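Observations on chain architecture
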Amino acid sequence: MVNLASKNNCTGCGACVNSCAHGALIMAADNEGFLMPIVDTGKCVECGLCEKSCPIVSAVENKNMEQPKTLAVWSLPDRAKSSSGGAFSAYARMVLKRGGVVFGVAFDGDMRLRHIGVETLEGLDALRGSKYVQSDVGDSYIRIRSLLRAGRHVLFCGTPCQVAGLKSFLRKDYENLLTLDLVCHGVPSGAVFRAYLRKLSTRFAGMGKITGFEFRRRDSWGFSPTVSLGGKLTKIYGKDNAYMNAFDKNAVFRRSCYDCPFAKIPRVGDCTIADFWGIGRHGVPFRHSIQKGVSLVLVNNSKGNEFTNALEDVFIEERTLGEALIENHNITCPSKKYPHRDAVIAAFLDKDVRLDVISRRYGLADRSLKGVVKELADRLHVLDCVKLIYNKMR
């Protein structure tokens, strides 16, 4: 009998499926759209490899630092086209320069988020930008192992559970592998996201097919979701932004996210990347412009330090871990479950429930004075001006 993580604890990392040489495991969506491993007992030989590869059932010892080096970073060539400071792109450029392969997430033509590997600078563009959906790793771990054994450098960027899944699958360290774990709030299912897009399509009927979605701005630091309709980017607000409002309230995450064993220090990746929210507001002032975004990088071990020291065309300033933790709570603790989480997910998946009903029924929109003023300023295109004035006064 195969002993894998329970439904409440499974992270959907896919390590078990990648480890099975008999094709006895597949990842299939549950009733909420989250990918779960399904065992074909007719093919299973009970070899135990899937159990050994599961980062929940067979956790790999974490020897990373309890006090990681804390850095403010941005990539000079990538900052203006990244959601934050472009730290991921800086590491990716370095690995590509060494003839390596970079694994990150990209949407396919059906708006399904998948891990893919790229080998060119041009290929990086699809991997840039925050994407608040759980990705399907597919056979990425198998491909990564083959590349590593062939002596190729590999960068893998993913959620902490995916990095843990890769490490459990490999069962040994490779000097030519660099892992970047994201400071993760939690992951909604792809099914919920695509159901949301279908509701948006109904709302914007006649404006063309939805062919893209930007969760974050890349030309400035902050949240301002846009949808690509008929080749034109359109900002969305209020009830139309119900998905990200639900995300912000922790209302659509995988069950395991609310008890995540990887939201802690020591972190699981060689380096950890995030937005450096609150930089300069807590302690030592930050005497640089933050308008286009600043990345937070935690250097978790000697390999991460070696790769970080080799970065080119970057701004780097050492800060304190204490400062980073103040506005990045998920570095050390999981998100708290929204009381109506199950109902919110069910409503998104119900094709007959409109976005305005979801938003109103479950109190998803931020109707505080601050939230209303911020949305109005963004609609009137004055938010960037306010940010610029604030930045000059700092």
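The shown structure was predicted, so the numbers you read here are calculated from the model rather than taken from an experiment.

Attention shifts here to the environment of Thr70. You can see Thr70 is positioned in strand β3 (residues 69–75). As a C-alpha pair, Thr70 and Phe34 span 36 residues in sequence and 33 Å in three-dimensional space. For Thr70, the residues in contact, after removing those within four places along its chain, are Phe276, Leu296, Val297, Leu298, Glu317, Glu318, Arg319, Thr320, Leu321 and Ala324. A polar side-chain atom of Thr70 sits 3.4 Å from the main-chain carbonyl oxygen of Pro68.

Moving on to the side chain of Asn64. Within the element layout of this structure, Asn64 appears in the loop between α2 (49–53) and β3. On the accessibility criterion, Asn64 (10% relative accessible area) is buried. Here the side chain of Asn64 touches Asn301 through a polar contact of 2.9 Å, side chain to side chain. Setting aside residues up to four positions removed in sequence, Asn64 forms contacts with Lys167, Pro266, Arg267, Val268, Gly269, Asn300 and Asn301.

Cis geometry marks the peptide bond from Ile265 to Pro266; its omega dihedral reads 10°. Note on placement: Pro266 falls in the loop between α8 (242–248) and β11 (271–275). Phi is positive for Arg171, close to 60°, though the residue is something other than glycine. Positive phi is not limited to glycine here, since Asp313 has a value of about 55°.

The next point concerns the pairing of strand β4 (residues 101–107). Of all seven residues in β4, six are buried, a share of seventy percent or more. Of the pairings in the sheet, the one linking β4 to strand β6 (residues 154–158) comprises three bridges and is parallel in character. The residue of β6 that forms the bridge with Val101 is Val154. Both β4 and strand β5 (residues 113–118) contribute to a ladder of six bridges, which runs antiparallel. When the sheet's bridge partners are listed, Ala106 is paired in β5 with Arg114.

Turning next to the packing of aromatic side chains. Taken as a whole and judged by the stated rule, the model has 21 aromatic pairs. Relative to Tyr243, the ring of Phe215 lies with its centre 6.3 Å away and its plane at 50°, an arrangement referred to as tilted. Pair noted here: Phe215 is in strand β8 (residues 210–216) and Tyr243 is in helix α8, with a separation of 28 residues, a long-range link. Classification of Phe215 by relative accessible area gives buried; the value is 1%. Residue classification places Tyr243 among the buried positions, given a relative accessible area of 0%. Feature note: the residues Phe107, Tyr132, Phe193, Tyr196, Phe213, Phe215, Tyr243, Phe247, Phe253, Tyr258 and Phe348 constitute an aromatic cluster, connected by ring pairs. Over the ring of Tyr174 we find Lys172; its NZ or CZ atom is 4.7 Å from the centre of that ring.

Cut-offs applied
- Residues numbered from 1 in each chain as written.
- Predicted model: local features only at pLDDT ≥ 70, side-chain atom pairs only at ≥ 80, totals over all residues.
- Heavy atoms only, no water.
- Helix = DSSP H or I, 4+ residues; strand = E, 2+ residues; numbered from the N terminus.
- Contact = heavy atoms within 4.5 Å.
- Polar contact = N/O pair within 3.5 Å; in protein donor to acceptor, adjacent residues only side chain to side chain.
- Buried < 20%, exposed > 50% of the residue type's maximum accessible area, 1.4 Å probe, protein only.
- Pairing = 2+ DSSP bridges.
- Phe/Tyr/Trp six-rings, centres within 6.5 Å; stacked < 30°, edge-to-face > 60°.
- Lys NZ or Arg CZ within 6 Å of the ring centre and 35° of its normal.

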